[in-house]
Amino acid sequence: MYERFAHEYASHAEDSAYNALYDRPAVLGLAGDVDGLSVFDAACGPGLYARELLSRGAHVTGCDVSPTFVELARARCEGRADLRVHDLSKPLTWVPDDSADLVVLALALHYIDDRVALLEEFRRILVPRGAVVLSTEHPVMGWIRLGGSYFTEEPVEESLSPKRNWPIRAWRRPMTAICAEFREAGFFIEELLEPRPVPEMAERYPEDHAILEELPAFVAFRLVPAPG
């Protein structure tokens with residue numbers, strides 16, 4: 001989907017309120033100390049998370065379905081990350097078992113039709129004591145924007161931004177359904193985070209800051225493999 005507006009989105013996400021000052025701090029905070037860890041950046045986009053993970057001492061591999069994003073990410077990471085074009089709806093056959101200490105999936109889970117299959121792949125490539133850190137749209141935000149029943153589970157076609165023609169297709173689901181998929185794929189929730197905007201947003205994007213202080217746009221999780 002993003003291939004059609006990859007360059008525009010990459011420029012936007014570099015310094016936007018919701019990306020730079022809301023989701024990235026939340027996801028990287030849940031990732032914790034990554035120095036020396038092998039991190040798989042799934043749906044790496046234009047490489048904004050990968051670049052930061054590298055700067056914190058991680059060894060980064062990853063993928064994105066958009067060839068343009070992968071090209072941008074490789075350039076942003078200056079060749080220090082192994083990033084490939086791959087559709088996450090298909091198995092990660094090129095990634096060995098037990099090869100990642102951490103998997104990061106930022107704002108992409110809601111685009112996947114078979115989310116349990118993807119999460120099972122993440123569990124396969126994780127070391128036994130590894131973790132998945134992911135973020136997705138908060139179901140309350142989707143419900144307020146789209147209306148109808150909060151408990152609706154369906155794919156929705158809309159624009160990623162009300163100000164831009166960036167068409168996407170994403171799933172709306174209640175929190176119960178999101179968490180049930182984690183359990184079905186063999187994960188426990190170690191931490192659930194409804195992010196708060198960083199203080200800098202109040203100065204640079206006061207309207208966004210006011211909204212996000214009252215209503216969560218995203219929700220982030222740290223998942224660990226269930227024993228057995």
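Refer to the structure presented above.
Just so you know, these numbers come straight off a predicted model, no measurement behind them.

**Q** In this structure, what is going on with the packing of helix α1 (residues 6–15) against helix α2 (residues 17–31)? I would like to understand it.
**A** Between two packed helices, the angle of one axis relative to the other and the distance separating the axes together describe the packing. Running from amino to carboxyl end, α1 crosses α2 at an angle of 50°, the nearest separation of the two axes being 4 Å. For the element pair α1 / α2, the angle class is oblique. When you trace α1 past α2, the crossing you get is right-handed. Counted together, Y9, H12, A13, E14 and D15 of α1 and A17, N19, A20 and R24 of α2 form the full contact between these two elements.

**Q** When you look at the pattern of salt bridges in this model, what are you seeing that I'm missing?
**A** In a structure, side chains of opposite charge can pair up when their charged atoms sit close to one another. In total, this model carries 16 salt bridges according to the counting rule given. Among the ionic pairs, R145 bridges to E137, the shortest N-O distance being 2.6 Å. Given a relative accessible area of 39%, R145 falls into the partly exposed group. Classification of E137 as partly exposed rests on a relative accessible area of 23%. Between R173 and E181 there is a salt bridge, with the nearest N and O atoms lying 2.6 Å from each other.

**Q** Which parts of the structure should I look at to understand helix α4 (residues 67–76)?
**A** Burial in α4 covers these residues: T68, F69, V70 and A73. Of the surrounding elements, those touching the buried residues of α4 are α1, β2 (59–64) and β3 (82–85). Looking at the residues trailing α4, positive phi occurs at E78, about 55°.

**Q** Help me understand the packing of aromatic side chains in this model?
**A** Two numbers describe a pair of aromatic rings. These are the distance of the centres and the angle of the planes. In the structure shown here, the tally under the stated rule is 14 aromatic pairs. Aromatic pair Y2 and F5: ring centres 5.2 Å apart, planes at 45°, arrangement tilted. One exposure class covers both Y2 and F5, and it is buried. Arranged with centres 5.1 Å apart and planes meeting at 5°, the rings of F5 and W166 form a pair that is stacked.

**Q** For this particular structure, what's the right way to read the packing of α2 against helix α3 (residues 48–55)?
**A** In contact at an axis separation of 11 Å, α2 and α3 are set at 40° when each is read in the N-to-C sense. Relative to α3, α2 is oriented oblique. Handedness of the crossing formed by α2 with α3: right-handed. Facing α2, whose interface residues are D23, R24, V27 and L28, α3 presents L48, Y49, E52 and L53.

Thresholds, definitions, all that
Residues numbered from 1 in each chain as written. Predicted model: local features only at pLDDT ≥ 70, side-chain atom pairs only at ≥ 80, totals over all residues. Heavy atoms only, no water. Axes fitted to C-alpha atoms, helices over the stretch in contact; angles between N-to-C directions. Helix = DSSP H or I, 4+ residues; strand = E, 2+ residues; numbered from the N terminus. Parallel < 35°, antiparallel > 145°, perpendicular 65-115°, else oblique. Left-handed = near helix turned anticlockwise from the far one by under 90°. Contact = heavy atoms within 4.5 Å. Salt bridge = Lys/Arg side-chain N within 4 Å of Asp/Glu carboxyl O. Buried < 20%, exposed > 50% of the residue type's maximum accessible area, 1.4 Å probe, protein only. Phe/Tyr/Trp six-rings, centres within 6.5 Å; stacked < 30°, edge-to-face > 60°.

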